[in-house]
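Coordinates in review
The residues making up each chain are set out below.
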Amino acid sequence: MTETLEASGLAIDDATADRLFRTARTVTTFAESDVTDEQLAAVYDLIKWGPTSMNVSPLRVLVVRTPEARRRLVANMPEGNQERVANAPVTLVLAYDPEFHERLDVLVPHMPGARDMFAADDEARASAARTNALLQAGYLIVGLRAAGLSAGPMHGIYDGIDAEFFGENGWKGFLVVNVSSAEGADTSRPRAPRLEFDEVSQVV
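A brief look at the structure comes next. Because the structure is a prediction, the values reported are computed rather than measured.

Cut-offs used in this document
- Residues numbered from 1 in each chain as written.
- Predicted model: local features only at pLDDT ≥ 70, side-chain atom pairs only at ≥ 80, totals over all residues.
- Heavy atoms only, no water.
- Patch = residues over 30% accessible without salt bridge, like charges linked within 9 Å, V, L, I, M, F, W, Y side chains within 5 Å.
- Areas by Shrake-Rupley, 256 points an atom, 1.4 Å probe, with all protein chains shown as cover.
- Salt bridge = Lys/Arg side-chain N within 4 Å of Asp/Glu carboxyl O.
- Helix = DSSP H or I, 4+ residues; strand = E, 2+ residues; numbered from the N terminus.
- Axes fitted to C-alpha atoms, helices over the stretch in contact; angles between N-to-C directions.
- Parallel < 35°, antiparallel > 145°, perpendicular 65-115°, else oblique.
- Contact = heavy atoms within 4.5 Å.
- Nonpolar A, V, L, I, M, F, W, Y, C, P; charged D, E, K, R; others polar.
- Pairing = 2+ DSSP bridges.
- Phe/Tyr/Trp six-rings, centres within 6.5 Å; stacked < 30°, edge-to-face > 60°.
- Buried < 20%, exposed > 50% of the residue type's maximum accessible area, 1.4 Å probe, protein only.
- Expected span 1.5 Å × (residues − 1).

Okay, a nonpolar patch on the surface next. A cluster of nonpolar residues, L195, F197, V200 and V203, forms a patch on the protein surface that exposes about 490 Å² of accessible area. For L195, the location among the structural elements is in the loop between β4 (172-181) and α10 (197-200).

Right, dumping it as structure tokens:
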């Protein structure tokens, strides 16, 4: 096993690399089995350790399960994504908290001035919130795959979603993710190619 890992240049085995990246797909059709709150909590408990700048951790997650909540979400999805949301076992609305700085006394106790620094600069706070939440969204998708689940990220109509679901807490939605058990989930088209390392890199 050590020789295989060294030969691949990775510190994980091929089966894990496949599950997380190579064969994992963005799903559009879903398995019939449930996705439990315990699974989602386990995924978050893993991905929360992924780095964010200054540990600001602005990602917030709305778990949409009930028929009534699903109906409200479907009404705020582009037409091409409505059926997918309607049929998914569970859908996550990923958002960032513009007021993430209110938790910095807990998250960065070694920097006692961090909260006040962000409180005084709305523009810097909004930029940090969105950038770091996007980073955490990537961790979350890989974390779902690590839990044996499949993810189907897509766009929503975020002004409507924010008004419908986040009027009280002020969160800002930025990504909708359908979640299914990987076993039995599928996609609607062949996998698209990717660019090679030498096409995207510059070594200096």
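Our focus in this paragraph is the packing of helix α4 (residues 67-74) against helix α5 (residues 79-87). It is at 9 Å that the axes of α4 and α5 come closest, and there the two elements cross at 170°. As far as their axial angle goes, α5 and α4 are roughly antiparallel. On the side of α4, the interface is formed by R70, L73 and V74, while α5 contributes Q82, V85 and A86. Residue composition of the contact of α4 with α5, by class: four nonpolar, one polar and one charged.

A few words now on the sheet that holds strand β3 (residues 149-154). Across the sheet, four strands lie side by side as β1-β2-β4-β3; this open sheet has antiparallel pairing. Either end of the sheet is taken by a strand with one partner, and the two such strands are β1 (59-64) and β3. In this sheet, adjacent strand axes meet at a mean angle of 30° when their direction is disregarded. As paired elements, strand β2 (residues 90-96) and β4 share seven bridges and run antiparallel to each other. Counted as the bridge partner of V93 is V176 from β4.

What follows covers the packing of aromatic side chains. One pair of aromatic rings is described through two measures. These are the centre distance and the angle between the planes. Scanning the entire structure with this criterion turns up three aromatic pairs. Both rings, one in F100 and one in F118, keep their centres 5.1 Å apart while their planes meet at 70°; by these two values the pair is edge-to-face. In this pair, F100 sits in the loop between β2 and α6 (104-107) while F118 sits in helix α7 (residues 114-119), placing the two residues 18 residues apart along the sequence. The pair F100 / F118 is uniform in exposure class, with both members buried. Ring centres of F166 and W171 lie 5.5 Å apart, and the angle between their planes is 50°; on these two criteria the pair is classed as tilted. In terms of burial, F166 and W171 fall into one category: buried.

Helix length check: helix α8 (residues 122-146), at 25 residues, gives a terminal C-alpha distance of 36 Å against a target of 36 Å (1.5 Å per residue), a fit within 8%. Within α8, the full set of buried residues consists of R125, A128, A129, N132, A133, Q136, A137, L140, I141, G143, L144 and R145. G148 sits one or two residues past α8 and shows a positive phi near 80°.

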